[in-house]
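Observations on chain architecture
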Amino acid sequence: MPVPSAASAEPHSRRPAPSSLWRDADFRSLWVGQTASQLGEHASLVVLPLLAVLTLNAGAGELGVLRAVGQAPILLLSLFAGAWVDRWRTRTTMVLTDVGRALALGAVAAAGLFGGLGMPGLLALAFAVGALSVFFDVAYQASLVRLVERDHLVRGNSALEGSRSAAQIGGPALGGALVSLLSAPIAVASSALFFALSVLSIRRIRRAETMPERPDEPPRIRRRIQEGLRFVAGDSVLRVVCLASAVFQFSFAAMMTVYLLFLPRELHLSGTVVGLALAAAGPGALLGSLLAARLPSRFGYGTVLVCAATLGDGVFLCVPALHGASAVTVPALLAVGFVFGFGGQLVNVTAMAVRQAVTPDGLQGRAAATITFAGMGLTPLGSLAGGFLAGEWGLRTGLLVTAAGMLLSPVVMALSPLARLGRDLPVPHATAGGRTRPPNLTRET
């Protein structure tokens, strides 16, 4: 990694000491901006479909297309976003993407208010918002590595992922409330204000980022993407993180397809109760984010990853056994959702810290994008597989099989070097001298 210049020794560019993370104004600005941006993003995920239904009288097919168009950039642009972020300052990327999202939602709101909004225009703007979200999400993950010391990665990720979990809970509820209290176009405009707040906060970051050195002739984008793919595939730790993520996302998509059929048809639960069962993961995720700052340093990163994944994924094996009255099944489903959210978020924060620690600064964006691409790329196939199993074997058996499939993810981690990570974060894959160095896999005693 590049050696900091003399200018980086000045107070405004010094990274915070481990005990002063929350007292650091630049980290607080990043946290506030990321929180506001996540609230705006998750609120818009509800507000835009409601706008289509209430203003444009969209049917189920059109609504499905709208959601698919908004999600398509994850598959289409993740690798490109990683290559882009590694070449630019993350502060600049986050500011520009949130300005773009604010303008796009503002255009939707104005067109809706003045009767000029049609489905083609809404689809185009939904794709634009989704594309900008991909760039922002990759950038904020890479920004933490450039702003804080390695000792702060877990604590910083815990704070950022905790706010993301809170936004996943509060964002949709806020979006629905805005549509109910105001009109749908005004609700869209209100969502745009969160992105404006994010811009104002992130612009307050004054610390100079530790940027990777750029070659005189930068390689083409295709070559940079290939470098990211080769790096993840060539690192024993990142390769396992990528494989475990892909296995989990495929199995989880299959399980959720069956789960959303199982609850109303087998357990005869109402839509409201189904929503509560799904929302129970949110509070669990918040608790997981908080404990992720402490548990790895006490029990070891490998132990936490394997145990949390086993607990969070394995809890769904209890669901096929549920029968009877809702007085029994509903509390059980709430507990399942809470435990799943807790274990899943603990894995997310810990794995992200490990990934950031072993990745050189110049590859942070591409490593994050590659793992996201590999994991999310299998979700459509997983959904199809879940529907097939439910139709061929029945809902209860299909749910049992797909839930068991989720346990393959912790098995992959348990049988790999990832399980042997100790209480210290592993060293970067590449050293300042240009030579490669394997991660520290020795558990401290």
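My aim in this report is to walk through the structure given alongside it, one point at a time. (Residues numbered from 1 in each chain as written. Predicted model: local features only at pLDDT ≥ 70, side-chain atom pairs only at ≥ 80, totals over all residues. Heavy atoms only, no water.)

With the rule as written, the count across this model stands at six salt bridges. Among the salt bridges present, the one from D98 reaches R101, with a minimum N-O distance of 2.5 Å. In this pair, D98 and R101 both sit in helix 3 (residues 90–113), three residues apart, roughly one turn of the helix. The same class applies to D98 and to R101, which are both buried. When the shortest N-O distance is used, the salt bridge between R366 and E227 registers 2.9 Å. In this pair, R366 is assigned in helix 14 (residues 364–376) and E227 in helix 7 (residues 221–234), connecting sequence segments 139 residues apart. Taking the relative accessible area as the measure of exposure, R366 reaches 5% and is therefore buried. Among the charged side chains, a salt-bridge network with shared partners connects E41, D98 and R101. (Salt bridge = Lys/Arg side-chain N within 4 Å of Asp/Glu carboxyl O. Helix = DSSP H or I, 4+ residues; strand = E, 2+ residues; numbered from the N terminus. Buried < 20%, exposed > 50% of the residue type's maximum accessible area, 1.4 Å probe, protein only.)

For the rest of this paragraph, the subject is the packing of helix 10 (residues 281–291) against helix 13 (residues 326–358). Packed helix pairs are characterised by how far apart their axes lie and by the angle those axes make with each other. One can describe the packing of helix 10 onto helix 13 by two numbers: an axis separation of 6 Å at closest approach and a directional angle of 35°. Both helix 10 and helix 13 take part in a crossing whose hand is right-handed. Facing helix 10, whose interface residues are A281, P283, G284, A285, L287, G288, S289 and L291, helix 13 presents G337, F338, F340, G341, F342, Q345, L346 and V349. (Axes fitted to C-alpha atoms, helices over the stretch in contact; angles between N-to-C directions. Left-handed = near helix turned anticlockwise from the far one by under 90°. Contact = heavy atoms within 4.5 Å.)

Another aspect to go through is the nonpolar core. In this structure, L153, M413 and L418 are the most contacted members of the largest nonpolar core, which totals 58 residues. If one sorts the elements of this core by residue count, helix 4 (residues 119–147) sits on top with 10 residues. Judged by nonpolar contacts, the second largest core, of 25 residues, contains V258, V336, A390 and L395. (Core = buried A, V, L, I, M, F, W, Y, C linked by side-chain atoms within 4.5 Å.)

Once that is clear, we can look at the packing of helix 1 (residues 25–56) against helix 6 (residues 184–202). Packing of helix 1 against helix 6 brings their axes to within 8 Å, and their N-to-C directions diverge by 165°. Here helix 1 lies roughly antiparallel to helix 6, going by the angle between them. When you trace helix 1 past helix 6, the crossing you get is left-handed. Each residue belonging to the contact of helix 1 with helix 6 can be placed in one class, and the counts come to 15 nonpolar, nine polar and one charged. (Parallel < 35°, antiparallel > 145°, perpendicular 65-115°, else oblique. Nonpolar A, V, L, I, M, F, W, Y, C, P; charged D, E, K, R; others polar.)

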